[in-house]
Amino acid sequence: MYDSKMNLKSDDMTMTTISGREVLFSVFELKDADQLTEYYEHLSELSRKRYGPHQFDKQSIIDLYGKRGGHQGYIAREPGSPTIIAYSIIRFGCLEHDLGRLKSYGLNMDVETDSVYAPSVADAWQSCGVGNSMFLFILEDLKRIGITRVILWGGVQADNEKAVGFYKKNGFQKLGEFEHNGNNIDMMLEIKQVTA
Ligand SMILES: CC(C)(COP(=O)(O)OP(=O)(O)OC[C@H]1O[C@@H](n2cnc3c(N)ncnc32)[C@H](O)[C@@H]1OP(=O)(O)O)[C@@H](O)C(=O)NCCC(=O)NCCS
């Protein structure tokens, strides 16, 4: 579907899409909060229906990353542009709300080594490799801090074929299914299996 070149530096990572556009990945910082709010406002209705791990007003973003802790955000931009074109969030440990379901699959959650993941890419940039490259960038970060499992944030809607394909391509495996406004799939990636 795409071909891209990647260049991993110490903190940031760049890729070039097949159409020759360069994309820079970095860790989200609070100074990026306004752009993140704008990013979310510009997502299509369908993408927002698929993606809503948290509120995207500035105060909620500040509360999430500034006060509560336990989260790491990642963003993508074209070099030199303030506009965010992709955003993903990692939460360390697991969501309280999902704990019972994850236990029912036989998983014992460990805040030191487990994480929860929710990715998104701006509509105009979807399906050209940005999501994949951003995930590689995130994986490097997670490996560095000793995370060994990545679980989907609230699962994925079963009819979200693009996302299900994306997760499968990146080595996620199905844990089970549950009903919440339709059918959803829980999936998990064991990082060690991928890197072995
Ligand atoms: C899901 C999402 C993060 C994937 O990121 P992306 O940049 O579009 O995906 P990529 O271009 O990196 O493609 C990676 C893989 O995803 C799958 N994929 C991507 N676009 C696809 C499409 N249009 N149809 C089917 N599968 C697709 C493919 O398996 C692809 O691998 P391939 O190129 O080797 O075939 C992105 O499409 C998105 O933000 N969607 C809306 C929000 C959302 O659904 N988030 C997930 C909530 S659970």
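Relevant structure appears above.
Notes on the structure follow. (Residues numbered from 1 in each chain as written. Predicted model: local features only at pLDDT ≥ 70, side-chain atom pairs only at ≥ 80, totals over all residues.)

### Quick word on the overall build of the chain
A tally of helices and strands in the chain yields seven helices and ten strands. In terms of C-alpha radius of gyration, the chain reaches 16 Å, essentially the compact-globule figure of 16 Å for 196 residues. Restricting the contact set of the chain to residue pairs at least 6 apart, pairs at least 24 apart contribute 61%. (Helix = DSSP H or I, 4+ residues; strand = E, 2+ residues; numbered from the N terminus. Rg over C-alpha atoms; globule rule 2.2 N^0.38 Å. Contact = placed C-beta atoms within 7 Å.)

### Quick notes on the environment of Ser 19
Mapped onto the secondary structure, Ser 19 falls in the loop between strand E2 (13-16) and strand E3 (22-27). Given 8 C-beta atoms within 10 Å, Ser 19 falls into the exposed group. The spacing of Ser 19 and Ser 127 is 108 residues in sequence and 12 Å in space, taken between C-alpha atoms. (Buried ≥ 20, exposed ≤ 12 C-beta atoms within 10 Å, placed from the backbone.)

### As for helix H1 (residues 33-42)
For H1, every residue scored as buried is listed here: Ala 33, Tyr 39 and Tyr 40. For H1, the angular spread of the buried residues around the axis is 110 degrees, confining them to a single face. Relative to its buried face, H1 has exposed residues pointing more than 90 degrees away, namely Asp 34 and Glu 41. Of the surrounding elements, those touching the buried residues of H1 are helix H3 (58-68) and strand E5 (84-92). (Arc of directions from axis to C-beta.)

### Considering the nonpolar core
In this structure, Ala 76, Ala 86, Val 130 and Met 134 are the most contacted members of the largest nonpolar core, which totals 44 residues. Excluding residues that lie within four positions of it along the chain, Ala 76 makes contacts with Val 23, Leu 24, Phe 25, Ile 84, Ile 85, Ala 86, Val 130 and Met 134. (Core = buried A, V, L, I, M, F, W, Y, C linked by C-beta atoms within 7 Å.)

### Details of the pairing of strand E4 (residues 71-77)
Here four bridges tie E3 to E4, and the two strands are oriented antiparallel to one another. Bridge pairing in E4 links Phe 25 to Ala 76. Bridge count for E4 against E5 is seven bridges, and the pairing is antiparallel. Directly across from Ala 76, in E5, lies its bridge partner Ala 86. (Pairing = 2+ DSSP bridges.)

### Digging into unusual backbone geometry
Unusually for a residue other than glycine, Ser 127 sits at a positive phi of about 65 degrees. Along the polypeptide, Ser 127 turns up in the loop between strand E6 (114-121) and helix H5 (130-144). Residues other than glycine seldom take positive phi values, yet Asn 181 does so here, at roughly 50 degrees. Structurally, the position occupied by Asn 181 is in the loop between strand E9 (173-179) and strand E10 (183-190).

### What to know about the environment of Thr 16
The topology assignment puts Thr 16 in strand E2. Judged by the 16 C-beta atoms lying within 10 Å of it, Thr 16 falls in the partly exposed class. Counting along the chain gives 81 residues from Thr 16 to His 97, while the straight-line C-alpha distance between them is 38 Å.

### Digging into the packing of H1 against H3
One way to put it is that H1 packs onto H3 with a least axis distance of 9 Å and a crossing angle of 120 degrees. Considering the angle they form, H1 stands oblique to H3. Every pair of crossing elements has a handedness; the one defined by H1 and H3 is right-handed. Here H1 contributes Ala 33, Asp 34, Leu 36 and Thr 37 to the contact with H3, which in turn contributes Lys 58, Ile 61 and Ile 62. Within the contact of H1 with H3, the residues separate by chemical class into four nonpolar, one polar and two charged. (Axes fitted to C-alpha atoms, helices over the stretch in contact; angles between N-to-C directions. Parallel < 35°, antiparallel > 145°, perpendicular 65-115°, else oblique. Left-handed = near helix turned anticlockwise from the far one by under 90°. Nonpolar A, V, L, I, M, F, W, Y, C, P; charged D, E, K, R; others polar.)

So yeah, pure geometry; function would need other evidence.
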